Amino acid sequence: MPTMHQDRTITAPMVYPDSAPFWEAAKESRLLIKRCRDCSQFHWYPRTICPHCGSDATEWVAASGRATIYSVSVTRRAGPQAYAIAYVTLEEGVTMMTNIIDCDLDTLRIGDAVTVAFRDSDGGPPVPMFRPV
Amino acid sequence: MTIRGKACIVGAYEHPTRKAPDKTVAQLHAESARGALADAGLSLKDVDGYFCASDAPGLGALSMVDYLGLNLRHVDTTETGGSSYIVHVSHAAQAIAAGKCNIALITLAGRTRSEAQGGTVPRNWGPNIPDSPFEAPFGTVTVNSYALVAARHMHEFGTTSEQLAWIKVAASTHAQYNKNAMLRDVYTVEDVVNSPMISDPLHRLDCCVVTDGGGALIVTRPEIARELKRPLVTVRGAGEAIKGQDGGRIDLSYTAAARSGPIAFEEAGVKPGDIDYASIYDSFTITVLMQLEDLGFCEKGKGGRFVADGNLIAGQGKLPFNTDGGGLCNNHPANRGGMTKVIEAVRQLRGEAHPAVQVKDCRLAVAQGIGGLMGARHGSGTLILERS
Ligand SMILES: [Zn+2]
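Note that the coordinates shown come from a computational prediction; the quantities given were computed from them, not determined experimentally.

Calculation notes
Residues numbered from 1 in each chain as written. Chains lettered and ligands numbered in written order. Predicted model: local features only at pLDDT ≥ 70, side-chain atom pairs only at ≥ 80, totals over all residues. Heavy atoms only, no water. Helix = DSSP H or I, 4+ residues; strand = E, 2+ residues; numbered from the N terminus. Rg over C-alpha atoms; globule rule 2.2 N^0.38 Å. Buried < 20%, exposed > 50% of the residue type's maximum accessible area, 1.4 Å probe, protein only. Contact = heavy atoms within 4.5 Å. Areas by Shrake-Rupley, 256 points an atom, 1.4 Å probe, with all protein chains shown as cover. Lys, Arg positive; Asp, Glu negative; His and termini not counted. Charge placed at Lys NZ, Arg CZ, Asp CG, Glu CD. Buried area = accessible area lost by both parts, 1.4 Å probe. Salt bridge = Lys/Arg side-chain N within 4 Å of Asp/Glu carboxyl O. Polar contact = N/O pair within 3.5 Å; in protein donor to acceptor, adjacent residues only side chain to side chain. Pairing = 2+ DSSP bridges. Expected span 1.5 Å × (residues − 1). Donors = N, O, S within 2.8 Å, 3.2 Å for Na, K, Ca; no water. Tetrahedral: all angles 85-135°; square planar, octahedral: opposite > 155°, others 65-115°. Axes fitted to C-alpha atoms, helices over the stretch in contact; angles between N-to-C directions. Parallel < 35°, antiparallel > 145°, perpendicular 65-115°, else oblique. Left-handed = near helix turned anticlockwise from the far one by under 90°. pLDDT = per-residue confidence, 0-100. Nonpolar A, V, L, I, M, F, W, Y, C, P; charged D, E, K, R; others polar.

S.K.: Provide a residue-level description of the overall build of chain A, including the pertinent values.
M.R.: Regarding its fold elements, chain A presents one helix and eight strands. The globule rule puts the C-alpha radius of gyration for 133 residues at 14 Å, and the 15 Å found for chain A is close to it. Taken over 133 residues, chain A has a buried fraction of 53%. Restricting the contact set of chain A to residue pairs at least 6 apart, pairs at least 24 apart contribute 51%. With an accessible surface of roughly 5900 Å², chain A has 48% of that area assigned to carbon and sulfur atoms. Positive and negative charge centroids in chain A, built from 13 and 15 side chains respectively, lie 3 Å apart.

S.K.: I'd like a description of the interface of chain B and chain A, backed by residues and values.
M.R.: Counting from both sides, the interface comprises 42 residues of chain B and, opposite them, 41 residues of chain A. Together chain B and chain A conceal approximately 3200 Å² of surface at their shared face, both sides included; 60% is due to carbon and sulfur atoms. The salt bridge partner of A:Arg76 is B:Asp200, with a shortest N-O separation of 2.7 Å. Our count for the chain B to chain A interface comes out at 24 residue pairs in polar contact (both at pLDDT 80 or more). Among the elements of the structure, α4 (142-157) and β5 (197-199) of chain B are those that each provide at least two residues to the side of chain B that touches chain A.

S.K.: Run through the sheet that holds strand β2 (residues 42-43) of chain A, naming residues and quoting values.
M.R.: Residues and elements named next belong to chain A. With antiparallel pairing, the three strands of this open sheet are ordered in space as β2-β1-β3. Across the chains shown, the open sheet's two edge strands, defined by having one partner strand only, are β2 and β3 (58-62). Across two bridges, strand β1 (residues 32-36) lies against β2 in antiparallel orientation. Bridged to Arg35 within β2 is Phe42.

S.K.: Tell me what's going on with helix α5 (residues 161-175) of chain B, and back it up with residues and numbers.
M.R.: The terminal C-alpha atoms of α5(B), which comprises 15 residues, lie 21 Å apart, in line with the 21 Å expected from a rise of 1.5 Å per residue. Of all 15 residues in α5(B), 13 are buried, a share of seventy percent or more.

S.K.: Now, about helix α1 (residues 25-40) of chain B: what can you tell me, with residues and values included?
M.R.: All names here are of chain B. With 16 residues, α1 extends 23 Å from end C-alpha to end C-alpha; this agrees with the ideal 22 Å at 1.5 Å per step. Where burial is concerned, most of α1 is hidden: 12 out of the 16 residues are buried. Taken as a whole, α1 has its buried residues at Val25, Ala26, Leu28, His29, Ala30, Ser32, Ala33, Gly35, Ala36, Leu37, Asp39 and Ala40. Where α1 is buried, its residues touch β1 (8-14), β2 (49-51), α2 (62-68), β4 (103-111), β7 (212-220) and α12 (338-350).

S.K.: Lay out the coordination of the zinc ion with the relevant residues and their values.
M.R.: For a metal with four tetrahedral donors the ideal donor-metal-donor angle is 109.5 degrees, while six octahedral donors give ideal angles of 90 or 180 degrees. All names here are of chain A. Surrounding the zinc ion are the protein donor atoms Cys36 (SG), Cys39 (SG), Cys50 (SG) and Cys53 (SG), at 2.3 to 2.4 Å. Around the zinc ion sit four donor atoms, and with donor-metal-donor angles ranging over 104 to 116° the site reads as tetrahedral. Binding-site remark: the zinc ion is held by donors from one chain whose sequence spacing is C-x2-C-x10-C-x2-C.

S.K.: Please provide a residue-by-residue account of the pattern of salt bridges, values included.
M.R.: Under the counting rule described, the total for this entry stands at 32 salt bridges over all chains. Of the charged contacts in the structure, one is a salt bridge between A:Glu24 and A:Lys27, with a shortest N-O distance of 3.0 Å. Judged by relative accessible area, A:Lys27 falls into the exposed class, the value being 52%. B:Glu135 is the partner of B:Arg377 in a salt bridge, and the nearest nitrogen-oxygen pair spans 2.9 Å.

S.K.: Please provide a residue-by-residue account of the packing of α4(B) against helix α9 (residues 285-295) of chain B, values included.
M.R.: Residue and element names in this part refer to chain B. Remark: α4 packs on α9, axes separated minimally by 10 Å, with the N-to-C direction vectors making an angle of 60°. Between α4 and α9, the angle falls in the class oblique. In this structure, the crossing between α4 and α9 has a hand that is left-handed. Only Ile286, Thr287, Leu289, Met290 and Glu293 of α9 make contact with α4, whose side of the interface consists of Tyr146, Val149, Ala150 and His153.

S.K.: A description of the confidence of the model for chain B should follow, citing residues and the corresponding values.
M.R.: When pLDDT is averaged along chain B, the result is 97; 100% of the residues meet or exceed 70. Among the prediction metrics, the complex's ipTM stands at 0.98, with pTM recorded as 0.98.

S.K.: Pulling in residues and values, what's your account of the sheet that holds strand β9 (residues 277-280) of chain B?
M.R.: Where strands meet in a sheet, backbone hydrogen bonds hold them as pairs that are either parallel or antiparallel. Residue and element names in this part refer to chain B. The nine strands lie next to each other as β3-β2-β4-β7-β1-β8-β11-β10-β9, forming an open sheet whose pairing is mixed. The sheet is open, and its two edges are formed by β3 (74-76) and β9, each paired on a single side. Across the sheet, the axes of successive neighbouring strands diverge by a mean angle of 20°, strand direction being ignored. Here six bridges tie β1 to β7, and the two strands are oriented antiparallel to one another. Across the sheet, Tyr13 pairs through a bridge with Ala216, a residue of β7. Against the sheet, α1 contacts β1, β2, β4 and β7, and its axis sits at roughly 140° relative to β4. The strands that α12 touches are β1, β4, β7, β8 (233-243), β9, β10 (364-373) and β11 (377-387); relative to β1, the one it contacts most, it runs at about 115°.

S.K.: So, the environment of B:Lys19: which residues are in play, and what are the values?
M.R.: All names here are of chain B. By the element assignment, Lys19 lies in the loop between β1 and α1. In the structure, Lys19 is positioned 24 residues away from Ser43 in sequence and 27 Å away in space, judged by C-alpha atoms. Contacts of Lys19, omitting those with residues within four sequence positions, involve Arg113, Ser114 and Asp212.

S.K.: Lay out the packing of α5(B) against α9(B) in plain terms, naming residues and giving numbers.
M.R.: Residues and elements named next belong to chain B. Relative orientation of the contacting elements α5 and α9 amounts to 100°, with a least axis distance of 9 Å. It follows that α5 is roughly perpendicular to α9 by the angle criterion. Of the residues in α9, those touching α5 at Leu164, Ile167 and Lys168 are Thr285, Ile286, Val288 and Leu289. A per-class count over the contact of α5 with α9 returns five nonpolar, one polar and one charged.

S.K.: Just give me the short version of unusual backbone geometry, but keep the residues and values in it.
M.R.: The omega torsion across A:Trp44 and A:Tyr45 is -10°, close enough to zero to call that bond cis. Tracing the chain through its elements places A:Tyr45 in the loop between β2 and β3. A cis amide bond, omega 0°, links B:Asp200 with the succeeding residue B:Pro201. For B:Pro201, the location among the structural elements is in the loop between β5 and β6 (202-203). Its identity is not glycine, yet A:Ser29 carries a phi of approximately 60°, on the positive side.

In structure tokens form, the structure reads like this:
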């Protein structure tokens, strides 16, 4: 029997000053990530100081939204609906936590191609989730 | 400076309760402290160093020091999740070696069972946590953080649910002899893989128990230890490390034990193959497998084969582990297993484990813990103890 994705109440993210642009872009369904102007590396989750080199010259850039599943687990007994928590690796190289949605959760496999799909949170901005391509 | 040979564990006490709705957390800390002091032949007025983590109620150590009526010259509230108490033993040894205290008390207690704080409940660590906006919306609970590691291990190395189940089988084989254990049934591989799926690939029986309870340890300098009546259990080496997400370069194939382990073994001057008994933090079956690989008991990726077919069962396998039944079956008070890991290692080195699971001529033991969330950010403590 398949486990079709069902929408669930999504805890609103706390919006802090240093990541406010991320959530503003999310309202327009755009996924932003941070890159360092000194070492040229992307990092996740977004911060003002680059965790790779310590520079404060970090900038927002738009990610393609294309990713592959690095790991996935269907959580079946924490709340009323089953949901797929996952780490996905973005085309730009960073790996982020998310949910995989709009599919039969039982069919998800590590390595599957996915693309970003924002979902509204409970009283907060939309959050970046991913659906199979 | 090394802490090798500079300190001994002279008192160890595991609170017998597994459900204590009528006791307070402070009371459980205090009862555990009394138990460990009695075991050592000491009293509260002898204590001049105190170590606790965030399971202690109130601000740091302040409430518990006041509650216990301690008169201290050293305090340490290092927090590395459930591995904290393993790290505390190391820090106590450092403080003793530096002359900052003589008798160190370490306590842990909690009422996680009475308060229904299990592994499928979202943890609320409060505001201002930098990572929380990028994780909390996705339904992060304790069990799925570990499940993501297990899923990845299966993908990379071909590990199976049946292999993970052997870890529970070994713990349950030991727990049948522990009259205080929460679960005393002996489970089979089939029992584990047929139990309800909580978060793929972890089943209910891949998870630890949720218990009320507590524990305490007394650490002192060898000169004082020799005057007490207990067998000498000496700290030989220790390591600690924290692993996070490396700015998005996430690699779930190893844990912080890959760093804390080699540091501890180097200080102790021994190898994994020298270890007679291993206490390995067992919040979930996968937690054990990861740490065994990272400590070097087997090659990376071969943990599944290493734990299968009873290899962790006392009297049967090459590496007897968690002979009290571990967190998987015996006890996991405050959702924190580091304290009970040290306590059972002390029992083994003293020859005071249950006769059915006592390792013959047990001279060298490791107590290893992972606290926090193994799939996100966690702290590891490795402690090598010897009977001397
Ligand atoms: Zn940089």
